[in-house]
Every structure is written in structure tokens, then in C-alpha cells.
Amino acid sequence: MASSNGVKKMPDLIIFIILLSLGYFFGKWAEKSHYASIIKREKKFLNLPATSFKKPIGEIPPIERSHLARGSVVISVDYFKRILAGLRNFFGGTVQSYETLLDRARREAILRLKESCPQADQIINLRIETSSISKGRKNSIGSVEVLAYGTAIYYESQSPS
Amino acid sequence: MFLTNIEEIPGKPIITCHGVVSGSTVRAKHAGRDIMAGLKNIFGGELKGYTELLEESREQAIDRMKSQAQQMGANAIVNVRFSTSSVAAGAAEIYVYGTAVTVE
């Protein structure tokens, strides 16, 4: 943190505090509204299960067609969380601030996967890839990309539905 | 061209297997998107510019894989897998690979 070096370090400290509070408040607000949107959309897709099995689950009609589907999202961490994580690097332990970020990113990616094929009946062999698109200085993780992909299958439609 | 990430195309038996095919792209983003990303790094949130960039790269990598499979005479690719990594500041490499097969 800023040393007691007199007036020269004051502007740095002020900027730091401003960035920190901006990050905290906007971050909290963005996270809350994102989670609300995620929960709403997940309810919409309760009829489209996604599993990591290689075969479809349950008793199902013959499969008419299938295709590869995917959804991805890149989410960046706000300043406040990054400082928290930096502190954790000092003391060790779980980094809770990043856990919520990655949870949101994964759920968002799976939702986008489902939104790319809303007419599908089931998604099998769901795989999730996470990679860091680091942008911050001091080697801190700036942003994370999550890609969810799987095979969307469509049953043969029953007689006139 | 059929693509799946399981080991078969449901309902279509595999006749011949042509081997592994792959496609990759390395894309750098442009300055406009970078400024937004810099702001978002303070506030947090989704980086739409990056998401679009990586989606386009993925499409391109898949197209390269498909054309490689077509040259081999295959009509389907099974067991498709993706891999993403950042190779330089502001550039990401997308790698897609799978097994090219001929199905009925």
C-alpha cells in the first residue's frame, strides 16, 4: 500500500480508493443483476436437459438429427475483486470473489448453448472449457472465457403434434 | 457436413475413418474493443467485444477443419473438441480438432 512518503503519494492513494469503490459498487450491482437474469433464463430451459453422458438419458424416441452446439462468454473481474484476490495470494485459502465470477460465467455459457438450439430435445456430452484471457498488469487474471459445447439432439417428431 | 462431439452420429453408422482433422486461428482484437475492456476491468461484467472476437475465430477454425475433412473425402466429423489459449497480449488462439469419418 502507499508508504508514508508525504504529499507526492496522495494522488495515487486517492485514485486507488476511487477505483476500489467504483469496482466494489458496480461489481456488486452487475453481479446481482446478472444472477437475476441467469435464474430467470434457467427456468425457461428446464425442459432442455444438458448432461455430460455420451448417450441420451431416459427412454426416448429415435433420434432424427443432431448437431454440435456451443455457447461462450468472456467475463472480466472488477478491480475490487482483483485486490481481494491479491490479498489472498498473501494469506492463502479459497478466493471466494473469483468463485462467484466463474460460477456466473459457466452458467451463462450453458444458457447460451441452450439458447443457440431452443428446439432441441436434449444436449449430450456437455463439455466446458475455461481459459484466462489475462489482460491485467502484475500477472493478475483480467478476464476469463468459458466455452460450453455439446451435441444437441432432436427426436423424431411424433405423428401430428 | 455433420459435426458432433460424441463418438458417432446418432442413427448413422460409420463406414470409414479418415483420421484426425483440425483447424486453428489466432486473432488479435482491435483498439476500440480494448478500451472497453480496460473500463470493464475496473467495473467488471461481460466483455462483449472479446466474446464476439472469440466466436468469430471459432467459426473460422471450424470452417478450416471442415474443409480439411472435405479434402479427405469425409462427410462427418465426430468427437470434436475445442481448446482456447491466449498466446500474446490481446491475441487468442482457438484450436478445434476431431476425427473425420464417412457415414451413410
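1. Concerning the overall build of chain B
A count of helices and strands for chain B gives two helices and five strands. Its helices and strands taken in sequence order, chain B reads β-β-α-β-α-β-β from the N to the C terminus. If you take every contact in chain B between residues at least 6 apart in sequence, the share linking residues at least 24 apart comes to 76%.

2. Brief notes about the nonpolar core
Within soluble globular proteins, side chains that are nonpolar generally end up buried alongside one another. Core analysis: the biggest nonpolar cluster contains 46 residues, and A:Ala109 and B:Ile77 have the highest contact counts within it. When sequence neighbours within four positions are dropped, the list of residues in contact with A:Ala109 reads A:Gly71, A:Ser72, A:Val73, A:Ile128, A:Val146, A:Leu147 and A:Ala148.

3. Quick word on the pairing of strand E1 (residues 63-76) of chain A
A large share of E1(A) lies buried, amounting to 10 of its 14 residues. Where E1(A) meets strand E3 (residues 143-155) of chain A, 13 bridges bridge the pair, whose relative direction is antiparallel. Considered in E3(A), the bridge of A:Ile63 is made with A:Tyr155. Two elements, E1(A) and strand E3 (residues 45-46) of chain B, share two bridges in a ladder whose sense is antiparallel. By the bridge assignment, A:Ser76 is partnered in E3(B) with B:Gly45.

4. A short note on the environment of B:Leu54
Its place among the elements puts B:Leu54 in helix H2 (residues 48-72). Separated by 38 residues in the primary sequence, B:Leu54 and B:Ala92 have C-alpha atoms spaced 7.6 Å apart. Excluding its chain neighbours within four sequence positions, the residues that come into contact with B:Leu54 are A:Ser72, A:Val74, A:Glu145, B:Thr84, B:Ala92 and B:Ile94.

5. Describing the interface of chain A and chain B
At the junction of the two partners, chain A supplies 38 residues and chain B supplies 28 residues. If you list the elements that add at least two residues to the side of chain A that touches chain B, you get helix H1 (10-44), E1, strand E2 (122-133) and E3 of chain A. Top element by residues in the side of chain A that touches chain B is E1(A). It accounts for nine residues.

Reading the values: rules and limits
Residues numbered from 1 in each chain as written. Chains lettered and ligands numbered in written order. Predicted model: local features only at pLDDT ≥ 70, side-chain atom pairs only at ≥ 80, totals over all residues. Helix = DSSP H or I, 4+ residues; strand = E, 2+ residues; numbered from the N terminus. Contact = placed C-beta atoms within 7 Å. Core = buried A, V, L, I, M, F, W, Y, C linked by C-beta atoms within 7 Å. Buried ≥ 20, exposed ≤ 12 C-beta atoms within 10 Å, placed from the backbone. Pairing = 2+ DSSP bridges.

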